[in-house]
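# Report on the structure
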Amino acid sequence: MLNKDAIEKLVVLEEKYGLDALLIAPSADLQFFMGFSPYLCERFQGLFVKKNGECFYIANLLSKEEIAKELKPDGRIYSWWDGDDYVEVVSQILEKEGLKNKVIGTSESVRAFHVLNIMQHFPVRFTSARDLLDETRIHKSKDELDSLRKAAEIADQALEKALKKIHPEMTERQIGATLFAEMSALGGKNPGGLICCGPNTGYPHYALTGDGRTLQERDILLMDFGCTVNGFYSDMTRTVFFGEPSEKERSIYNSVLEANLAGEKAAFSGAYIPDIDRAARDIIEQTGYGDTFTTRLGHGIGCKVHEAPDIKQSNKRNLESGMAFSIEPGIYIAGEFGVRVEDIVVINEKGEREVLNKFPKELLVL
């Protein structure tokens, strides 16, 4: 069913951004505005929201009936089938809907080849509306904050349980399966994450292949993971040690932890976002490892793992109530090891800083 309140926010922002309509393809964005997101394949489809508030959906015939029942109360649906030239059909629909020579914003899930093909045959301009769509969700309601809190609580509890079962000779894939199963058992949906050990921790976005590396008797284990509650995500990272860390490992861990705490302390209602990034980054730069902190300090979170606001130097805005984001400094030495410590922080209903993750962050040796 269409989310009337969310649609109204879209309409207001369309006027501000100078758009005549928005096109939202299946994605977390569509789930938020429509309460449903069908299977996304190579066939053109999506929800159009016009600046007068009217909504219509263009779908392939194979999913028409499935989508139609979700367009209540006021949406309408058009369809095409595989024997049609979708560009021709979509062009006719856009003309009928008064969108000839208009500007249509798109969600990030809209396929580029679709809109490029349409623009070659019909006078309409498509443009990115990612920032606009993020803006509709950047201030979380109390219910949404409660979902984020519960998702974080599940992640905390799952890690505590999983660490009692993780041991050397387990593969990265087995460790992940253990942790994800604990989140599922606690009611978390869509459990997942990045699990790496040893030298693989030196890659910020390590890509697991096969079963991955086997955890050794003396090793570093980095776990970046989360789940959803009511469609809202948790995301946390803890780096733990199997066997006593070296002096270098201990020093780097403590620097990253100090940066994490400094970033969180700097994140208060009204804080200038570049100052938050700088508070954490300065600490790591003072250690001589500044060039290994290659990521932004954090990202927004909600019904997508990564959404607004990014916590980085180039985001020239201030924190406001309802914003939710990660604080996750790291030092990554390719070929050796890496350390990351991550929590989710919100500016809550009272305008106060609230760190959602409660699992201890002090250096942990197993």
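Everything below is about the structure shown above.
In what follows, the accompanying structure is described. As the structure is a computational prediction, the values presented were derived from the model and not from experiment.

### Some details on the side chain of lysine 50
Note that lysine 50 resides in strand E2 (residues 46-50). Note on lysine 50: relative accessible area 11%, which makes it buried. What lysine 50 contacts, discounting residues up to four positions off in sequence, is Val11, Glu14, Asp20, Ala21, Phe56, Arg76 and Glu97.

### A closer look at the environment of glutamine 286
With respect to the element layout, glutamine 286 can be found in helix H10 (residues 273-286). It is 9.2 Å that separates the C-alpha atoms of glutamine 286 and serine 255, two residues lying 31 residues apart in sequence.

### Observations regarding the pattern of salt bridges
A full pass over the atoms with the stated rule returns 38 salt bridges. The partner of lysine 165 in a salt bridge is glutamate 182, and the shortest N-O contact between them spans 2.5 Å. Remark: glutamate 182 occurs in helix H8 (residues 172-185) and lysine 165 occurs in the loop between helix H7 (142-163) and H8; sequence separation between them is 17 residues. One salt bridge in this structure joins aspartate 211 and arginine 173, with 3.6 Å as the shortest N-O distance. Here arginine 173 lies in helix H8 and aspartate 211 lies in the loop between strand E7 (189-197) and strand E8 (219-229), a separation of 38 residues in the sequence. Judged by relative accessible area, aspartate 211 falls into the partly exposed class, the value being 47%. On the basis of relative accessibility, which here comes to 39%, the residue arginine 173 falls in the partly exposed class. Through salt bridges that share partners, Asp29, Glu108, Arg130, Asp134, Arg137, Lys140, Lys304 and Glu307 make up one connected network.

### Notes on the packing of H7 against H8
The relative placement of two packed helices is expressed as an angle between their axes plus a distance between the axes. Remark: H7 packs on H8, axes separated minimally by 8 Å, with the N-to-C direction vectors making an angle of 130°. In terms of orientation, H7 and H8 fall into the oblique class. The element H7 and its partner H8 pack so that their crossing is right-handed. Residues Ile154, Ala158, Leu159, Lys161 and Ala162 of H7 lie in contact with H8, whose contacting residues are Thr178, Leu179, Glu182 and Met183. When the residues that make up the contact of H7 with H8 are grouped by side-chain class, the tally is 6 nonpolar, 1 polar and 2 charged.

### Describing the sheet that holds strand E6 (residues 125-128)
With mixed pairing, 6 strands are arranged side by side in an open sheet as E4-E3-E2-E1-E5-E6. Of all the strands in the sheet, the pair left with one neighbour each is strand E4 (76-80) and E6. Between one strand axis and the next, the sheet turns through 25° on average, direction left out of account. Note that strand E3 (residues 55-60) and E4 share 5 bridges and pair parallel. By the bridge assignment, isoleucine 58 is partnered in E4 with tyrosine 78. In the packing of helix H5 (residues 112-121) onto the sheet, contacts are made with strand E1 (21-24), strand E5 (103-106) and E6, and the angle to E6 comes to roughly 150°.

### Overview of the layout of surface pockets
Of the voids in this model, the largest pocket is the one considered here, and its volume is about 410 Å³. Taken together, 22 residues form the lining of the largest pocket, with His205, Asp224, Asp235, His299 and His306 sitting closest to its centre. Of all elements in the fold, only E7 and E8 reach the threshold of two or more residues within the lining of the largest pocket. Residue contributions to the lining of the largest pocket peak at 5 residues, all from E7.

The rules behind each value
Residues numbered from 1 in each chain as written. Predicted model: local features only at pLDDT ≥ 70, side-chain atom pairs only at ≥ 80, totals over all residues. Heavy atoms only, no water. Helix = DSSP H or I, 4+ residues; strand = E, 2+ residues; numbered from the N terminus. Buried < 20%, exposed > 50% of the residue type's maximum accessible area, 1.4 Å probe, protein only. Contact = heavy atoms within 4.5 Å. Salt bridge = Lys/Arg side-chain N within 4 Å of Asp/Glu carboxyl O. Axes fitted to C-alpha atoms, helices over the stretch in contact; angles between N-to-C directions. Parallel < 35°, antiparallel > 145°, perpendicular 65-115°, else oblique. Left-handed = near helix turned anticlockwise from the far one by under 90°. Nonpolar A, V, L, I, M, F, W, Y, C, P; charged D, E, K, R; others polar. Pairing = 2+ DSSP bridges. 1 Å grid on protein atoms, 1.4 Å probe; cavity = no way out; pocket = protein on both sides within 12 Å on 5 of 7 lines; lining within 4 Å. Points joined across faces, edges and corners; volume = space filled by probe spheres on them.

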